[in-house]
Amino acid sequence: MLVRRKRGWELPESAATPEHVYLNRRRFMGTAGSGALAIASGLVWPGTGIAQDGGSARPTADLYPVPRNMRYRVERDLTSEELATTYNNFYEFGSHKEIWRAAQALPIRPWTVTFDGQVEEERTVDIDTLIRAMSLEERVYRLRCVEAWAITIPWSGFPMRALIDYARPLSSARYVRMETFQDSEVAPGQRQFWYPWPYVEGLTMAEARNDLAFMVTGLYGRPLPKQNGAPLRLAVPWKYGFKSLKSIVRLTFTEERPVNFWQEIAPNEYGFWANVNPEVPHPRWSQATERLIGTDERVPTRIYNGYGEFVADLYADMQGEPLFM
Ligand code: MTE
């Protein structure tokens, strides 16, 4: 992955939305009913005339905002919505951070998700049917990119465990392999043939069933923007951000450990587990500290990105595995 340099348009901390402002807006949206929907769908990306929904209808937009689950607390300020939606990694649309505009070309309806491999029955479900079958909640999570920057954002979505139950895997399944869409007509990065498209990621079944593993359908109390991985992405906050794949179309249950996108490209730099650890440097840079995007602050990186109480047990008997790359 490219090492990033600070860009002129990054906001100072004083410009980041304080949580009480954000909460007030949520309260407003929660009470304003259908009027709020009209406002939400009328939003444009800052400094442009581009509608935030990129022109795609969102049949489940009425579900947002959703109640926040206070079990998942973060002691950091939220990253501003503007920054979290304009500073992204989504290599399908380019290998730089300003892909948000290009990502608006992704058609996200109709959209289906396929469950296959070791399942009771293979099936393909429409994304809005799936979202309506789930109980949505909001969780504030940290996201720590392997490039040593971090953000803190309120995701909306549902526990990955609920998706696994929905998929009905066989007991022989040991891993879940997940795949992002593939369409080089709309995603120029996918015309770069040296990348092993589509983007693939994987988890063990125990990781996928962990309380923290979350399927994301929204951000900041609204449906998920395309550049953040609409209409369905993963959030596994104890792992480096590349594990949290975007715009998922397929989950395959398997006995074999999947090889992920970055591992396939550079197996000496990226592995299957990719758990955050300040003491295990990337071969080309330190992981000891991280930069909070939108600020000039560098803070110490925490083991499992600070989520050890939820996940450390998963790895208790795996000392021989390269758990931190
Ligand atoms: N998913 C896909 N399909 N393609 C990508 O390039 N980048 C990953 C992850 N998911 C990526 C992806 C990386 S490296 C990070 S850090 C996060 O997305 C960034 O998520 P964000 O842009 O919502 O902050």
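A few points on the structure. If you're wondering where the values come from, they're calculated on a predicted model, not measured in any experiment.

Section: the site of the ligand
Asn-88, Tyr-91, Glu-92, Arg-233 and Lys-246 are the nearest of the 17 residues found near the ligand. A distance of 3.3 Å separates an oxygen atom of the ligand from a polar atom in the backbone of Asn-89. Between Ser-244 and the ligand, the recorded distance is 3.0 Å, taken from a backbone N or O atom to a nitrogen atom. For the ligand, whose accessible area on its own is 540 Å², the fraction buried by protein is 100%. According to the grid-proximity analysis, the pocket containing the ligand is the largest cavity. Considering only residue class, the shell around the ligand consists of eight nonpolar, six polar and three charged.

Observations regarding the pattern of salt bridges
Scanning the entire structure with this criterion turns up 21 salt bridges. Across the pair Glu-75 and Arg-302 runs a salt bridge, and its minimum N-O distance is 3.2 Å. Of the two residues, Glu-75 is situated in the loop between helix H2 (34-41) and helix H3 (81-84) and Arg-302 in the loop between strand E12 (298-300) and helix H9 (308-311); the sequence distance between them amounts to 227 residues. Among the residues examined, Arg-302 registers a relative accessible area of 36% and is labelled partly exposed. Taking the shortest distance from any N to any O, the salt bridge between Glu-290 and Arg-76 comes out at 3.0 Å. With Glu-290 in strand E11 (residues 289-292) and Arg-76 in the loop between H2 and H3, this residue pair connects regions lying 214 residues apart in the sequence. Across the pair, exposure class does not vary: Glu-290 and Arg-76 are buried alike. Beyond isolated ion pairs, a larger network of salt bridges with shared partners links Asp-116, Arg-177, Glu-179 and Arg-250.

A closer look at unusual backbone geometry
Between Tyr-64 and the following residue, Pro-65, the backbone shows a cis peptide bond with an omega angle of -5°. Despite not being glycine, Tyr-220 has its phi angle at roughly 50°, a positive value. Note that Tyr-220 resides in the loop between strand E7 (214-219) and strand E8 (222-223). Judged by relative accessible area, Tyr-220 falls into the buried class, the value being 2%. For Ala-274, which is not a glycine, the phi torsion comes out positive at approximately 55°. Its place among the elements puts Ala-274 in the loop between helix H8 (261-265) and E11.

Examining the nonpolar core
One finds Trp-155, Met-160 and Leu-251 to be the most contacted residues of the largest nonpolar core, which totals 90 residues. Dropping the residues within four chain positions of it, Leu-251 is found in contact with Val-113, Thr-114, Phe-115, Asp-116, Met-160, Leu-163, Val-176, Arg-177 and Met-178.

Concerning the packing of aromatic side chains
In total, this model carries 28 aromatic pairs according to the counting rule given. Centre to centre, the rings of Tyr-199 and Phe-261 are 4.7 Å apart; their planes meet at 25°, and the pair counts as stacked. Placement of Tyr-199 in the loop between strand E5 (175-180) and strand E6 (200-204) and of Phe-261 in helix H8 is noted, with a sequence separation of 62 residues between them. The exposure classification of Tyr-199 matches that of Phe-261, with both residues buried. Ring-pair connections join several aromatic residues into one group, and the members of that group are Tyr-91, Phe-193, Trp-194, Tyr-195, Trp-197, Tyr-199, Phe-242, Phe-261, Trp-262 and Tyr-270.

Criteria and cut-off values
Residues numbered from 1 in each chain as written. Predicted model: local features only at pLDDT ≥ 70, side-chain atom pairs only at ≥ 80, totals over all residues. Heavy atoms only, no water. Near = heavy atom within 4 Å. Polar contact = N/O pair within 3.5 Å; in protein donor to acceptor, adjacent residues only side chain to side chain. Areas by Shrake-Rupley, 256 points an atom, 1.4 Å probe, with all protein chains shown as cover. 1 Å grid on protein atoms, 1.4 Å probe; cavity = no way out; pocket = protein on both sides within 12 Å on 5 of 7 lines; lining within 4 Å. Sits in = over half its atoms within 2 Å of the grid points. Nonpolar A, V, L, I, M, F, W, Y, C, P; charged D, E, K, R; others polar. Salt bridge = Lys/Arg side-chain N within 4 Å of Asp/Glu carboxyl O. Helix = DSSP H or I, 4+ residues; strand = E, 2+ residues; numbered from the N terminus. Buried < 20%, exposed > 50% of the residue type's maximum accessible area, 1.4 Å probe, protein only. Core = buried A, V, L, I, M, F, W, Y, C linked by side-chain atoms within 4.5 Å. Contact = heavy atoms within 4.5 Å. Phe/Tyr/Trp six-rings, centres within 6.5 Å; stacked < 30°, edge-to-face > 60°.

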